[in-house]
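# Notes for the structure review
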Amino acid sequence: MSVHAGKTIDRRANSVLAGLEPAIFFGFFEELSAIPRGSYNEKQVSDHIANFARSRGFEVCQDDIYNLLIRKPGTPGYENAPTLILHGHTDIVCESDEGVDHDFNNEGIKLQVIGDFIHGTGTTLGADNTVGVAFAMSLLASDDIAHPPLEIVLTVQEEVGKGGAQYFDGAKLSGKRLLDMNWHDPKSLFAGCAGDISARFKIPLKWEPLASGQTALSLRISGLSSGHSEFDIHLERANAIVQLGRLLRIAIRETGASVAEVNGGVNRYVIPGEAEAIISVHASKVADLKQKIEAEAAAIAFEYKTSDPSLKIALTESQNQFTEVFSAQAARAMVDAMNLLPNGVQSKSLQVEGLVESSNTVALLSNDRNEVEIVNTIPSAVSSRRYNIVDKIRQLSELIGNGATVETFADCPEWPYNPDSRMLNAGKAAYEREFGEQPHVEVSHSSLELGLFRKKVPDIDMLSIGPEAFDVHTTRERLNHTTVDSTWRLLKSLLSELRT
Ligand SMILES: [Zn+2]
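Quantities reported herein were computed from a predicted structural model and do not represent experimental measurements.

Below, the discussion takes up the overall build of the protein chain. When you go through the protein chain residue by residue, the secondary structure sums to 11 helices and 22 strands. In terms of overall size, the protein chain behaves like a compact globule, its C-alpha atoms giving a radius of gyration of 26 Å where 500 residues would be expected to give roughly 23 Å. Taking the principal axes of its C-alpha atoms as reference, the protein chain extends roughly 85 × 55 × 40 Å. Burial statistics for the protein chain: of 500 residues in total, 54% are counted as buried. Long-range contacts, defined here as pairs at least 24 residues apart, represent 78% of the contacts in the protein chain between residues at least 6 apart. When the accessible surface of the protein chain is summed, it comes to about 21,600 Å², and 47% of that surface belongs to carbon and sulfur atoms. Averaged over its 47 positive side-chain charges, the protein chain has a centre that lies 3 Å from the centre of its 67 negative ones.

The full count for this structure, using the stated rule, is 11 aromatic pairs. With centroids separated by 5.3 Å and ring planes inclined at 90°, the aromatic side chains of W207 and F326 adopt a geometry described as edge-to-face. Residue W207 is located in strand 9 (residues 207-209), and its partner F326 is located in strand 14 (residues 324-326); the two are separated by 119 residues in the primary sequence. Summarising the aromatic geometry, the rings of Y431 and F435 are spaced 4.7 Å apart at their centres and angled 65° between planes, so their arrangement reads as edge-to-face. On the criterion of helical spacing, the pair formed by Y431 and F435 is a turn pair, its members being 4 residues apart in helix 9 (residues 422-435). According to the relative accessible area criterion, F435 is partly exposed, its value standing at 25%. Among the aromatic residues, ring-to-ring pairing joins F25, F26, F29, F135 and W488 into one connected group. The lysine or arginine in question, R369, covers the ring of W207, its NZ or CZ lying 4.5 Å from the ring centre. Of note, R478 hangs over the ring of F117, and the distance from its end group to the ring centre comes to 5.7 Å.

Glancing now at the domain arrangement of the protein chain. Here the protein chain is described as being made up of domain 1 (3-186 + 465-497) and domain 2 (196-412). A separation of 40 Å is found between the C-alpha centroids of domain 1 and domain 2.

Moving on to the sheet that holds strand 4 (residues 112-114). In space, the 4 strands of this open sheet follow the order 4-5-22-21, with antiparallel pairing throughout. What marks the edges here is a single partner per strand, and that holds for strand 4 and strand 21 (469-470). Across 3 bridges, the pairing between strand 5 (residues 117-119) and strand 22 (residues 478-480) is antiparallel. Looking at the pairing, H119 lines up with R478 of strand 22.

Next up on the list: the coordination of the zinc ion. Listed as protein donors to the zinc ion are D128 (OD), E159 (OE), E159 (OE) and H473 (NE2); their distances from the metal cover 2.0 to 2.5 Å. Around the zinc ion, the 4 donor atoms sit at angles spanning 56 to 137°, and that spread fits a shape best called irregular. Read N to C, the donor residues that coordinate the zinc ion are spaced as D-x30-E-x313-H. Of this pair, D128 sits in helix 3 (residues 127-141) while E159 sits in the loop between strand 6 (150-155) and helix 4 (163-167), placing them 31 residues apart in sequence. As far as the burial class goes, D128 and E159 line up, both buried.

When their charged atoms lie close together, side chains carrying opposite charge are able to pair. What the rule picks out here adds up to 24 salt bridges. For K162, the salt bridge goes to D196, with nearest N and O atoms at 3.5 Å. In this pair, K162 is assigned in the loop between strand 6 and helix 4 and D196 in strand 8 (residues 188-204), connecting sequence segments 34 residues apart. In this structure D196 comes out as buried when scored by relative accessible area, which is 0%. A single salt-bridge network, built from bridges that share partners, covers R200, K202, E371, E373 and E407.

The subject of this paragraph is helix 6 (residues 286-303). The end-to-end C-alpha distance of helix 6, which contains 18 residues, comes to 26 Å, matching closely the 26 Å that a straight helix rising 1.5 Å per residue would cover. Regarding helix 6, the residues found buried are V286, L289, I293, E296, A297 and I300. Taken around the axis of helix 6, the buried residues stretch over an arc of 110°, which confines them to a single face. Facing away from the buried side of helix 6 by more than 90 degrees, the exposed set consists of A287, Q291, E294, A295 and F302.

Calculation notes
Residues numbered from 1 in each chain as written. Predicted model: local features only at pLDDT ≥ 70, side-chain atom pairs only at ≥ 80, totals over all residues. Heavy atoms only, no water. Helix = DSSP H or I, 4+ residues; strand = E, 2+ residues; numbered from the N terminus. Rg over C-alpha atoms; globule rule 2.2 N^0.38 Å. Buried < 20%, exposed > 50% of the residue type's maximum accessible area, 1.4 Å probe, protein only. Contact = heavy atoms within 4.5 Å. Areas by Shrake-Rupley, 256 points an atom, 1.4 Å probe, with all protein chains shown as cover. Lys, Arg positive; Asp, Glu negative; His and termini not counted. Charge placed at Lys NZ, Arg CZ, Asp CG, Glu CD. Phe/Tyr/Trp six-rings, centres within 6.5 Å; stacked < 30°, edge-to-face > 60°. Lys NZ or Arg CZ within 6 Å of the ring centre and 35° of its normal. Domains from an automatic or database assignment. Pairing = 2+ DSSP bridges. Donors = N, O, S within 2.8 Å, 3.2 Å for Na, K, Ca; no water. Tetrahedral: all angles 85-135°; square planar, octahedral: opposite > 155°, others 65-115°. Salt bridge = Lys/Arg side-chain N within 4 Å of Asp/Glu carboxyl O. Expected span 1.5 Å × (residues − 1). Arc of directions from axis to C-beta.

What follows is the structure in structure tokens.
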């Protein structure tokens, strides 16, 4: 087709993914990749999909925040089969390499194929979850694939606290079965995840004037391995906020140090890798404090030599200027909380080997004029255990007193593993039929959007599948294009299985 044909240029002509199979999937994947679609910026992609579905005569509901629900009737012989909800999310994580100037608000992802993998160009790829959306569009575009009535749900804001699924009106759904397409291992079926809740521990601040003859110091812990608070919690890595609490306790007890400022962590889903306190101590005690912190730092480095080999603890003079410090009671209350909040693995599953069942991550530490705030994230596959950990945190606030309070937010239910699930067993049967072997079944300690669907559809039966992707949420994100066809085959086979 000639370049002069303008609008009618075959979009595959300039395609990076042309030639990859299944062609229908990679056509949609490339089309979606060209649309900017970071979290909160989903209107354009949502309209694009809605127009596409309407042009094919399907019923489309788009809500105020651009979640989509698209209905496609069952194919002949499947008209009365139980309705299946197909789920994916339209937003992607927007990260770029240092030095790469990418305008995610206005630019799509520049795809490149290197060997078996599709990458972005110095950016995230967004396979999470362009894959799910492209599969959904492939099904909408096909008329030769047998399937039950479909309710295709494409949510927004998944990557920023599951906002789309929180908002989505579950009353619009008639299906009781859900197939999610945001898994990243073609050799396994994903069949359950933890729920989570966050707890804000607050201590009101009173201030005292800085005594005379004091030296301002920075007590800083850095270089920890950090990691995801759910995927990496079993690795027993050091938590910078908790270790800072341990050091502050020594500083206050041994040298009467005061605290002027605290800070630690980056995000409530990240094990904090850095934390710092600005403290003051009488000039005559600085040498003594240095010695005591060095001794404790050596002990901590030894304890964590395997998990955190680059851990660094530094006590240095601070340029911070301040005339007031936390009251002694407030500082003690904060240090008690930093040291005594439950942290790390709390229980393991006895049903699935190696799986963490419950944990807490002391994730964020900060203060302003009025209070110190410590944010905890508590995933658990068992609701009662999750709430029990919250209750222990509340109990600690009562013991600490000094006006300490706890408030919870972002409560997301778990998706419990059920070996008798119809979706799981249909998935296993389809997998065996296609590939002649049994799939692995995976259950995760991470809390996914899918838990929220249990709140909306109480008896919902769910399963998740997907092709191989690595390092999602980072600029190393890549999709193994050679595994997409087997997921497509599995998807079609599973759909045909769901006649009853
Ligand atoms: Zn994601």
